[in-house]
Amino acid sequence: MVGDRRRLLLLVVLVGGLAAMSVHYGTVVDDQRPYPTQSEVLADYEGHVGEEVYFWMTVESVRPDAVVARSAGLRLTIPRPVPGVVPGDVVQVHGTLRPGRVVDPERVIVSPRSDLLAMYVISVLGAALAAGAFLRHWSVDPGAWAFVPRGEE
Amino acid sequence: MADLLAHVLAGYVLGTLLVGARESIPSRFVPVAMVGAALPDLAKVRLLVPSELISSTLGVPFSWLALHRLGGAVAVAGVGALLFRRGERPRAFGLLALGVASHFLLDLPVKRADGFAPPYLYPLSMARPPAGGLYLSSDLWPTLVAAVAAGAVWVGARRRGRS
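Residues numbered from 1 in each chain as written. Chains lettered and ligands numbered in written order. Predicted model: local features only at pLDDT ≥ 70, side-chain atom pairs only at ≥ 80, totals over all residues. Heavy atoms only, no water.

Asker: Would you mind showing me how to read the nonpolar core here?
Answerer: One finds B:Phe29, B:Val32 and B:Met34 to be the most contacted residues of the largest nonpolar core, which totals 52 residues. Mapped by element, the contributors of at least two residues to this core are α1 (2–32) and α4 (113–137) of chain A together with α1 (4–21), α2 (30–38), α4 (70–81), α5 (89–107) and α6 (141–162) of chain B. With eight residues, the top contributor of residues to this core is α1(B). Once you skip the residues sitting within four places of it in the chain, B:Phe29 turns out to touch A:Trp138, B:Glu88, B:Arg91, B:Ala92 and B:Leu95. (Core = buried A, V, L, I, M, F, W, Y, C linked by side-chain atoms within 4.5 Å. Buried < 20%, exposed > 50% of the residue type's maximum accessible area, 1.4 Å probe, protein only. Helix = DSSP H or I, 4+ residues; strand = E, 2+ residues; numbered from the N terminus. Contact = heavy atoms within 4.5 Å.)

Structure representation (C-alpha cells):
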C-alpha cells in the first residue's frame, strides 16, 4: 500500500537522521565545549594547567580542608572545605586546573549520593507511570503495527 | 534533567490542560504527552550502553546525547507519531512534541557549576543557554510541586467531566 510505503520511508528517514545526528553530535560536542575533556587532561595534564575546567566527579575522600574526587581515571583535589559532602556524593566543579592534580574551584555543587539513589528510584516510577497511563488508553494492533485506542482494536 | 517523574507529571498537566481546551483532542492523548515528556531521557540508555562503546565498535564518534537535544527529540517524536494510525498521527506528534518541549523547559533551570545549560537547540545552534540555577536533578521539591500541580489538574478534569 502507498500509505505503508510512505510510512516506512519516513521511518527510515527519521531513524537515519537520528543516527546521523548521534554521530555528528559526537563529532562536534567536544570541540564546541569550552573546556578540555577528562581524557584530554589525562593525556597531557601539564599542558592543560591554567585552563578553565568543568567536571562532574565522584567524591573519594573528604578532609577538613579539601575534597578528593575522581572521574574515570582522573583524580583531582579540590583544596577547599565543602560543607556536608561525604564520599560517594557527586560534585560538579568549575574552576582552574593547577599543577599537582589540583583544581582551584570557582564553584562546587554537591549532589548527595542518597538523593541520586532516590532520583533513580523515582525516575523508574515516572517511566512506569507514563507507560501504565499510555497502555490504559492504547493497545497494539499487531497487524497494523500501530497503537490503537483501547476498545477499538 | 529533573527526575523522570517530575517530567511525566508535567506532561500530564500540560496534556490535560490542552485536552480540556480542545474538544478535537480526546483524553486518550493525555498519556501521549506524558510519554513525550520522557522521550529526551531516552539518552539515558548511555548508562547501559555507553556512547564510547558504540563509538569504538563502529569506529566513528557517537553520542546518545543527541537524543536529548531538540533535533534528536523531535525525530524520536516523529518516529513515535508514525506508530499511530494515520488519522491520529498529527495529534500524536503534537502531544509528543508538547511533552518534549516541557522536558527542555524543566531542564533549563537545573543548577550547573559553570552557569550554562547544554546546547539543547542542537542542531539549530550549539549555543549554551544560561542555566536557571533553581534546582538539582536530584532535588525532590520540583517533583513535589509537579505532583501538587498534577493533583490539582486531575481534580479539575474530574469535576469538568461530571458537569
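Asker: Whenever I open this one, the pairing of strand β1 (residues 52–63) of chain A confuses me. Can you help?
Answerer: The side chains of a regular strand alternate between the sheet's two faces. Residues and elements named next belong to chain A. The sheet contact formed by β1 and strand β4 (residues 90–98) spans seven bridges and is antiparallel. Each residue of the ladder has a partner; that of Trp56, found in β4, is Gln92. Across five bridges, the pairing between β1 and strand β2 (residues 66–71) is antiparallel. By the bridge assignment for β2, Arg63 is matched with Ala66. Between β1 and the antiparallel strand that follows it, β2, lie two residues. (Pairing = 2+ DSSP bridges.)

Asker: Sorry if this is basic, but what is going on with the interface of chain B and chain A here?
Answerer: Many analyses report the size of an interface as the accessible area lost when the parts associate. Tallying the contact residues gives 48 residues for chain B and 49 residues for chain A. Carbon and sulfur atoms make up 73% of the area that chain B and chain A hide from each other, which totals about 4200 Å². Put simply, chain B and chain A have zero salt bridges between them. Connecting chain B to chain A are 14 residue pairs in polar contact (both at pLDDT 80 or more). With six residues, α4(B) is the single largest residue contributor to the side of chain B that touches chain A. A per-class count over the side of chain B that touches chain A returns 30 nonpolar, seven polar and 11 charged. (Buried area = accessible area lost by both parts, 1.4 Å probe. Salt bridge = Lys/Arg side-chain N within 4 Å of Asp/Glu carboxyl O. Polar contact = N/O pair within 3.5 Å; in protein donor to acceptor, adjacent residues only side chain to side chain. Nonpolar A, V, L, I, M, F, W, Y, C, P; charged D, E, K, R; others polar.)

Asker: Whenever I open this one, the packing of α2(B) against α5(B) confuses me. Can you help?
Answerer: Residue and element names in this part refer to chain B. Packing of α2 against α5 brings their axes to within 7 Å, and their N-to-C directions diverge by 45°. As far as their axial angle goes, α5 and α2 are oblique. At the point where α2 passes α5, the crossing takes the right-handed sense. For the pair α2 and α5, the contacting residues are Val32, Ala33, Val35, Gly36 and Ala37 in the first and Ala92, Leu95, Leu96, Gly99, Val100, Ser102 and His103 in the second. By residue class, the composition of the contact of α2 with α5 is eight nonpolar, four polar and no charged. (Axes fitted to C-alpha atoms, helices over the stretch in contact; angles between N-to-C directions. Parallel < 35°, antiparallel > 145°, perpendicular 65-115°, else oblique. Left-handed = near helix turned anticlockwise from the far one by under 90°.)

Asker: Honestly, the layout of surface pockets in this entry has me stumped. Any pointers?
Answerer: Rolled over the atoms, a probe with the dimensions of a water molecule shows which regions are left empty. Size it by volume and the second largest pocket reaches roughly 450 Å³. Lining the second largest pocket are 17 residues; nearest its centre among them are B:Tyr12, B:Thr16, B:Ser27, B:Val30 and B:Ala157. Among the elements of the structure, α4 of chain A together with α1, α2 and α6 of chain B are those that each provide at least two residues to the lining of the second largest pocket. (1 Å grid on protein atoms, 1.4 Å probe; cavity = no way out; pocket = protein on both sides within 12 Å on 5 of 7 lines; lining within 4 Å. Points joined across faces, edges and corners; volume = space filled by probe spheres on them.)

This is a description of form; function is not addressed.
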